[in-house]
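Okay, here's what each chain looks like letter by letter:
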Amino acid sequence: MSVPTIAARIRAGARLDRDEARVMYLEAPTHLLGRLADEVRARRHPDRTVTYIIDRNVNYTNVCVARCSFCAFYRPVGSAEGYVLGFEEIFRKIDETIEVGGDQLLLQGGHNPDLPLEWYEDLFRAVKARYPAFRLHALSPPEVVHVARLSRLTIPEVIARLMAAGLDSIPGGGAEILVDRVRKALNCYNKATADEWLEVMRQAHRAGLRTTATMMYGSVETPEERLDHLFKLRSLQDETAGFTAFIAWSYQPENTELQGAEATGVEYLRTLATARLVLDNFENLQASWVTQGGKVGQLSLAFGANDMGSVMIEENVVRAAGASYCMDEVEIVRNIEDAGFVPRRRNMHYEILGEPIFRQRQVARRFGLEVARADGDTSVPAELVNYAGRTRAAKQGRGQAGPAS
Ligand code: SF4
């Protein structure tokens, strides 16, 4: 089928099949892809509202046994640069988030073998006891798989326990490309296979949680495999309708084992637009200004995105791999309005919370991103001694090592 024929079918509201998606992604002129994605976006969001959320991306630990080759953030067990945040440190971060109008933590971290399920449960309960209305958007599917393996529980059991402790929703991280050939090449097959990632989301949706979905493209996958990824997400969304949004970001090569080059801005915009055309059952597509910068992020609003994601207060993972774009609420709103849209604050469920907060009250501007821990801070949280370590390093650090033999 030709590009003009498929374009006409999209304009008539038809669902793209795999062959049509391939033709559009590989052959359609970029301006046409963008125009079509914008038309589909406008059908779903005719009021020209562009949303964003004020939350904080907190990485509770950088200790990880998964060792994905595209990751510049993790540190191996026993590393002097490894950290686990204390509950008090996390409370402080929540206080700062509330101060600038935020109501949620995006809480993700490495696969730390020395943090048992009880640590997460205690943290979630402590947060909810102190901040009852505050939301926990926490633990991507590979982290849920990791905790399930450590605790020898099933995925539904782990999700049920985390929900009972206060989990509100699950972020779609760790999806990378949902094709096992790619996952093996990126050394992330063992942390979660494509089916395991999808199964965590299926079970989360069945348990009543809403989640997001992501895609990290531009590493070792082919265009066909990117389409495989999109079609797998569309199929699960047909089944559960549990995804609130889709976010694509490009692989950031700096300081990673894999190295290589970053995908260009045009490739990002083509991928985003194609996602809008394929994911006809996703309400929301986020602009990834964190990896693309504010200018391409703004352009995303003409290529199918209807959301600017999060006002970043803190970022550790993408920054470790070389990207360190920062936009506070004032800057995000400026970019949305300059593109001809109406900015609105939202929560994770995409419920509108209101006008920009800085127009309602004085909020300190933020021109730089916070980090999880200041450089050189090697303090160990006091409460960690309450949890049994699995590794020798943790047992020694927590005074749990047995007598020398
Ligand atoms: S991407 Fe996540 S799971 Fe993979 S090495 Fe980095 S922290 Fe660990």
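Each remark here, short or long, concerns the structure printed above.
## Examining the overall build of the protein chain
The helix and strand tally for the protein chain stands at 15 helices and 11 strands. On C-alpha atoms alone, the protein chain measures out to a radius of gyration of 21 Å, which is about the 22 Å that the 2.2 N^0.38 rule sets for 405 residues. With the principal axes as the frame, the protein chain shows a C-alpha extent of 75 × 50 × 40 Å. Here the protein chain, with 405 residues, has 59% of them falling under the buried criterion. Across the protein chain, contacts joining residues at least 24 apart in sequence account for 76% of those joining residues at least 6 apart. Accessible surface for the protein chain amounts to roughly 16,300 Å². Of this, 50% is attributable to carbon and sulfur atoms. Computed over 49 positive and 53 negative side-chain charges, the separation of the two mean positions in the protein chain equals 1 Å.

## A word on helix α5 (residues 117-130)
The terminal C-alpha atoms of α5 lie 20 Å apart, and with 14 residues this matches the ideal 20 Å at 1.5 Å per residue to within 8%. The secondary structure elements touched by the buried residues of α5 are α4 (87-99), β3 (104-108), β4 (135-138), α6 (141-151) and α7 (155-165).

## Examining unusual backbone geometry
Although it is not a glycine, Arg67 sits at a positive phi angle of roughly 55°. Look at Asn255: it is not a glycine, yet its phi comes out positive at around 65°. As for its placement among the helices and strands, Asn255 is situated in the loop between β7 (243-250) and α11 (265-278).

## Considering the pairing of β4
Pairing of β3 with β4, which is carried by four bridges, proceeds in the parallel orientation. Counterpart to Leu107 in the pairing with β4 is Ala138. At this point the chain moves from β3, through α5, to the parallel β4, and the crossover so formed is right-handed.

## Quick notes on the environment of Asp377
Topologically, Asp377 is positioned in the loop between β11 (352-354) and α15 (392-397). Owing to a relative accessible area of 31%, Asp377 belongs among the partly exposed residues under this scheme. Along the backbone, Asp377 and Glu81 are 296 residues apart, and their C-alpha atoms lie at a distance of 8.8 Å. At 2.7 Å, the side chain of Asp377 and the side chain of Ser379 are in polar contact.

## Digging into the site of the ligand
As a matter of local geometry, the ligand sits amid Cys64, Ala66, Arg67, Cys68, Phe70, Cys71, Tyr74, Gly110, His111 and Lys191. Residue composition of the shell around the ligand, by class: six nonpolar, two polar and two charged.

## Looking at the pattern of salt bridges
Tallying each qualifying case throughout the model produces 31 salt bridges. Notably, a salt bridge pairs Glu196 with Arg149, separated by 3.4 Å at the nearest N-O pair. On the criterion of sequence distance, the pair formed by Glu196 in helix α9 (residues 194-206) and Arg149 in helix α6 is long-range, its members being 47 residues apart. We classify Glu196 as partly exposed; its relative accessible area is 28%. One connected set of salt bridges, linked through shared partners, spans Arg18, Asp19, Arg22, Glu224 and Asp228.

## What to know about the packing of aromatic side chains
Scanning all chains against the criterion turns up nine aromatic pairs. Three or more aromatic residues joined by ring pairs make a cluster, and in this case those are Tyr60, Phe87, Trp119 and Tyr120. The ring of Phe341 is capped by Arg48, whose NZ or CZ atom sits 4.1 Å from the centre of that ring. Geometry around Tyr350 places Arg346 over its ring, the cationic atom sitting 3.8 Å from the centre.

## Some remarks on the pairing of strand β1 (residues 49-54)
Among the six residues of β1, six are classified as buried, and the element is accordingly described as predominantly covered. Across four bridges, β1 lies against strand β10 (residues 342-346) in parallel orientation. Counted as the bridge partner of Thr51 is Arg344 from β10.

## Looking at the environment of Arg345
Structurally, Arg345 is set in strand β10. Judged by its relative accessible area of 9%, Arg345 falls in the buried class. Residues Arg345 and Val147, 198 residues apart in the sequence, show an inter-C-alpha distance of 33 Å. Non-local contacts of Arg345, meaning those with residues more than four positions away in its chain, are made with Tyr52, Ile54, Glu329, Glu351, Ile352, Leu353, Gly354, Glu355, Pro356, Ile357 and Gln360. A distance of 2.9 Å separates a polar atom in the side chain of Arg345 from the backbone oxygen of Glu355.

## Description of the packing of α7 against α9
Where α7 contacts α9, the two axes come as close as 10 Å, and the packing angle between them is 50°. For the element pair α7 / α9, the angle class is oblique. Along this stretch, α7 crosses α9, giving a crossing that reads as right-handed. Taking contact as the criterion, the partners of Ile155, Pro156 and Ile159 in α7 are, on α9, Val200, Gln203 and Ala204. Among the residues forming the contact of α7 with α9, the class breakdown is five nonpolar, one polar and no charged.

Cut-off values and rules
Residues numbered from 1 in each chain as written. Predicted model: local features only at pLDDT ≥ 70, side-chain atom pairs only at ≥ 80, totals over all residues. Heavy atoms only, no water. Helix = DSSP H or I, 4+ residues; strand = E, 2+ residues; numbered from the N terminus. Rg over C-alpha atoms; globule rule 2.2 N^0.38 Å. Buried < 20%, exposed > 50% of the residue type's maximum accessible area, 1.4 Å probe, protein only. Contact = heavy atoms within 4.5 Å. Areas by Shrake-Rupley, 256 points an atom, 1.4 Å probe, with all protein chains shown as cover. Lys, Arg positive; Asp, Glu negative; His and termini not counted. Charge placed at Lys NZ, Arg CZ, Asp CG, Glu CD. Expected span 1.5 Å × (residues − 1). Pairing = 2+ DSSP bridges. Right-handed = clockwise from strand over helix to strand, strands pointing away. Polar contact = N/O pair within 3.5 Å; in protein donor to acceptor, adjacent residues only side chain to side chain. Near = heavy atom within 4 Å. Nonpolar A, V, L, I, M, F, W, Y, C, P; charged D, E, K, R; others polar. Salt bridge = Lys/Arg side-chain N within 4 Å of Asp/Glu carboxyl O. Phe/Tyr/Trp six-rings, centres within 6.5 Å; stacked < 30°, edge-to-face > 60°. Lys NZ or Arg CZ within 6 Å of the ring centre and 35° of its normal. Axes fitted to C-alpha atoms, helices over the stretch in contact; angles between N-to-C directions. Parallel < 35°, antiparallel > 145°, perpendicular 65-115°, else oblique. Left-handed = near helix turned anticlockwise from the far one by under 90°.

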